[in-house]
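Structure assessment
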Amino acid sequence: IGDAVVSIEAKAFYGCVSLPGSVPVARGVYEDRLGRELTMEGTMTVDGTGDLPERGGWYEVSSSGDVKKLVVKEGVTAIGNHGFSSFENLESVQLPKSLTAIGESAFAQCGLTSIVIPEKVTVIESDTFSGCAKLESVTLSEGVEEIRRGAFEGTIIPSVVIPKTVTVLAQKAFPNQTQLIFAKE
């Protein structure tokens, strides 16, 4: 598909069984600085520079149920509130080192099984991963300073290492059954 194509609507290639998996089924641009592409296999790639907005028109081209994997490329600095909430088939997320913020409920009610928080993210906002009933593995980087209320509520995380950089750990940040292991100085 040529570079002159600026929009391909969701399910434009629906039912086409002989197309290669790398053919985008949806492509969009936000404020001429961020782009996203969704493949037939359900991989959404977000690239460009700056912050992803709160959920809204930016996401309308693709159905949240079509996204199984999210790859956020270097240059993206934040994911807005509710950015990918209720993407129940979203199993895998790859976040860039350039990411500094993940908004409230950004991944709430998703099908994630694991997540690695990049070093520049200092705050895990309220309800960021709440209701991710399959989430069982979390890696918090040394950059995390604050984990807010309900950040991981409704997950099945058996244990998590809390970095020594964390100074605020809110009530109900994790489910009651999660064993908190505090890193030593």
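This one's a predicted model, so the numbers in the text were calculated from it and none came from an experiment.

**Re the overall build of the chain**
Scanning the chain from terminus to terminus reveals 0 helices and 15 strands. Out of the 185 residues in the chain, the part that is buried amounts to 43%. For the chain, long-range pairs separated by at least 24 residues make up 26% of all intrachain contacts whose partners lie at least 6 apart in sequence. Looking at the chain as shown, the accessible area adds up to about 9400 Å², and 48% of this sits on carbon and sulfur atoms.

**Things to note about unusual backbone geometry**
Backbone geometry at Ser86 places phi at a positive 70°, although glycine is not the residue there. Mapped onto the fold, Ser86 is located in the loop between β6 (76-79) and β7 (92-94).

**Things to note about a nonpolar patch on the surface**
Taken together, the side chains of Leu169, Leu180 and Phe182 make up a nonpolar region of the molecular surface, amounting to roughly 250 Å² of accessible area. By secondary structure assignment, the location of Phe182 is in strand β15 (residues 179-182). Note on Phe182: relative accessible area 52%, which makes it exposed.

**Topic: the pairing of strand β5 (residues 69-72)**
In this structure, strand β3 (residues 43-48) lies alongside β5, joined through 4 bridges in parallel fashion. By the bridge assignment, Met44 is partnered in β5 with Leu70. Relative to β7, β5 is paired through 3 bridges, and the arrangement is parallel. Residue pairing for β7: Val71 is matched across the bridge by Gln94.

**Digging into the packing of aromatic side chains**
In the structure shown here, the tally under the stated rule is 5 aromatic pairs. Seen from their ring centres, Phe84 and Phe87 are 5.4 Å apart, and the 85° between their planes marks the pair as edge-to-face. Both rings, one in Phe152 and one in Phe174, keep their centres 4.8 Å apart while their planes meet at 5°; by these two values the pair is stacked. Taken together, the positions of Phe152 in the loop between β12 (146-147) and β13 (159-162) and Phe174 in the loop between β14 (168-169) and β15 put the pair 22 residues apart, joining distant regions of the chain.

**Re the pattern of salt bridges**
A full pass over the atoms with the stated rule returns 2 salt bridges. Measuring nitrogen to oxygen at the nearest pair gives 2.8 Å for the salt bridge that ties Glu146 to Arg148. In this structure Arg148 comes out as partly exposed when scored by relative accessible area, which is 29%. Linked by salt bridges that have partners in common, Glu125, Glu146 and Arg148 make up one network.

**Let's talk about the side chain of Thr178**
By secondary structure assignment, the location of Thr178 is in the loop between β14 and β15. Of the polar contacts made by the side chain of Thr178, one reaches the backbone oxygen of Ile157; its length is 2.7 Å.

**Digging into the environment of Asp51**
Position of Asp51 among the secondary structure elements: in strand β4 (residues 50-52). Spatially, the C-alpha atom of Asp51 lies 8.9 Å from that of Gly75, the residues being 24 residues apart in sequence. Setting aside chain neighbours within four positions, we find Asp51 in contact with Arg33, Leu34, Thr77 and Ala78. Within the structure, the side chain of Asp51 is placed 2.4 Å from the side chain of Thr77, a separation counted as a polar contact.

Thresholds, definitions, all that
Residues numbered from 1 in each chain as written. Predicted model: local features only at pLDDT ≥ 70, side-chain atom pairs only at ≥ 80, totals over all residues. Heavy atoms only, no water. Helix = DSSP H or I, 4+ residues; strand = E, 2+ residues; numbered from the N terminus. Buried < 20%, exposed > 50% of the residue type's maximum accessible area, 1.4 Å probe, protein only. Contact = heavy atoms within 4.5 Å. Areas by Shrake-Rupley, 256 points an atom, 1.4 Å probe, with all protein chains shown as cover. Patch = residues over 30% accessible without salt bridge, like charges linked within 9 Å, V, L, I, M, F, W, Y side chains within 5 Å. Salt bridge = Lys/Arg side-chain N within 4 Å of Asp/Glu carboxyl O. Pairing = 2+ DSSP bridges. Phe/Tyr/Trp six-rings, centres within 6.5 Å; stacked < 30°, edge-to-face > 60°. Polar contact = N/O pair within 3.5 Å; in protein donor to acceptor, adjacent residues only side chain to side chain.

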